Amino acid sequence: TFHGKDSPEYQKFVEEVLESSQEFISGVTGEFVMGRQKGTQIEFLFAGHSQNVHKPDPVSLSGSLATPMQNALSGKIGASKGYDYRGEHVLAAYAPLSHLGWGLVFKKDMKELRRPFIRAAWSAAALGVPVIILGGMFFHRVSNPVFRCLEHSEKRYRTIFEFANDGIILVDPLAETILDANPMA
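Remember, predicted model here, so these are calculated numbers, not experimental data. (Residues numbered from 1 in each chain as written. Predicted model: local features only at pLDDT ≥ 70, side-chain atom pairs only at ≥ 80, totals over all residues. Heavy atoms only, no water.)

Caption draft 1: Here's a closer look at the confidence of the model for the chain. Averaged over all residues, the pLDDT of the chain is 86; the fraction at 70 or higher stands at 85%. Mean pLDDT across the elements of the chain bottoms out in helix H1 (residues 8-20) (64) and peaks in helix H2 (residues 67-73) (95). (pLDDT = per-residue confidence, 0-100. Helix = DSSP H or I, 4+ residues; strand = E, 2+ residues; numbered from the N terminus.)

Here it is, written out as structure tokens:
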């Protein structure tokens, strides 16, 4: 039992919780939050990490803010995306501390969670686009002589076909149709 927020027991409890939660809280926006219901409001006992502990302003218990804390105070245990007390979209784990009537939330901003993936996508694009362009240039360089040789071969065939002294007829045996014939045919 604590005798007020200024009591040594309460301060020791907060310090121990913050110290033990450091392995779960990382990055810039990782935060540990404790709160309780006070009437129709969520009163935050404290929020932060070992470098920055503060007391957020109360928010409505039925509003769109602090949804992870709302879940904890309603007795739920879990993890979900939602909005924190600042209105930031967060990924949070939450649980009730039923014997104290408090809720406990570990959270991190979605922006911070997505940042490494966005950087990786940009890096992949920065590397991928030049590779695709170089690949296209290589394909063009390799395939051009092949296409020119094919065009030359086709012209030579067409010349022989058109100017042959004998009649030549090309037939599709399955369709039983004439595909082409030279002038002598």
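There's more to say after this.
Caption draft 2: Layout of the pattern of salt bridges. Counted by the stated rule, this structure contains 9 salt bridges. The salt bridge partner of Arg36 is Glu43, with a shortest N-O separation of 2.8 Å. Close ionic contact of Lys111 with Glu88 constitutes a salt bridge, the shortest N to O distance being 3.8 Å. Taken together, the residues Lys111 in helix H3 (residues 110-163) and Glu88 in the loop between strand S5 (78-83) and strand S6 (89-97) connect sequence positions 23 residues apart. Looking at Glu88, the relative accessible area reads 26%, which means it is partly exposed. A single salt-bridge network, built from bridges that share partners, covers Glu31, Asp84, Arg86, Lys107 and Asp109. (Salt bridge = Lys/Arg side-chain N within 4 Å of Asp/Glu carboxyl O. Buried < 20%, exposed > 50% of the residue type's maximum accessible area, 1.4 Å probe, protein only.)

Caption draft 3: Summary view of the pairing of strand S2 (residues 41-49). The buried fraction of S2 amounts to 8 of the 9 residues, a majority that puts the element mostly inside the structure. The pairing of strand S1 (residues 31-38) with S2 spans 7 bridges and is antiparallel. Residue pairing across strands places Gly35 opposite Phe44, the latter belonging to S2. The hairpin formed by S1 and S2 contains 2 residues between the paired strands, and Gly39 there has a positive phi angle of roughly 70 degrees. Two strands pair when backbone bridges link them, and S2 and strand S3 (residues 52-54) are joined in this way by 3 bridges, in the antiparallel orientation. Across the sheet, His49 pairs through a bridge with Asn52, a residue of S3. (Pairing = 2+ DSSP bridges.)

Caption draft 4: Highlighting the nonpolar core. One finds Val33, Ile42, Phe44, Ala66, Met69 and Tyr85 to be the most contacted residues of the largest nonpolar core, which totals 14 residues. If near-sequence neighbours (up to four positions away) are discounted, Tyr85 is found in contact with Glu31, Val33, Phe44, Ala47, His54, Pro56, Val59, Leu65, Ala66 and Lys107. By size, the runner-up hydrophobic cluster in this structure holds 7 residues, among which are Leu45, Phe46, Leu97 and Leu104. (Core = buried A, V, L, I, M, F, W, Y, C linked by side-chain atoms within 4.5 Å. Contact = heavy atoms within 4.5 Å.)

Caption draft 5: Local environment of unusual backbone geometry. A positive phi is found at Ala66, a non-glycine position, where the angle reads about 60 degrees. Turning to its location among the elements, Ala66 is positioned in the loop between strand S4 (59-60) and H2. Backbone geometry places Glu176, a non-glycine residue, at a positive phi of 50 degrees. Among the secondary structure elements, Glu176 is positioned in the loop between strand S8 (169-172) and strand S9 (177-181).

Caption draft 6: Spatial organisation of a nonpolar patch on the surface. Together, Val129, Ile133, Leu134 and Met137 line one region of the surface with nonpolar side chains, adding up to about 400 Å² of accessible area. Assignment of secondary structure puts Met137 in helix H3. A relative accessible area of 52% places Met137 in the exposed class. (Patch = residues over 30% accessible without salt bridge, like charges linked within 9 Å, V, L, I, M, F, W, Y side chains within 5 Å. Areas by Shrake-Rupley, 256 points an atom, 1.4 Å probe, with all protein chains shown as cover.)

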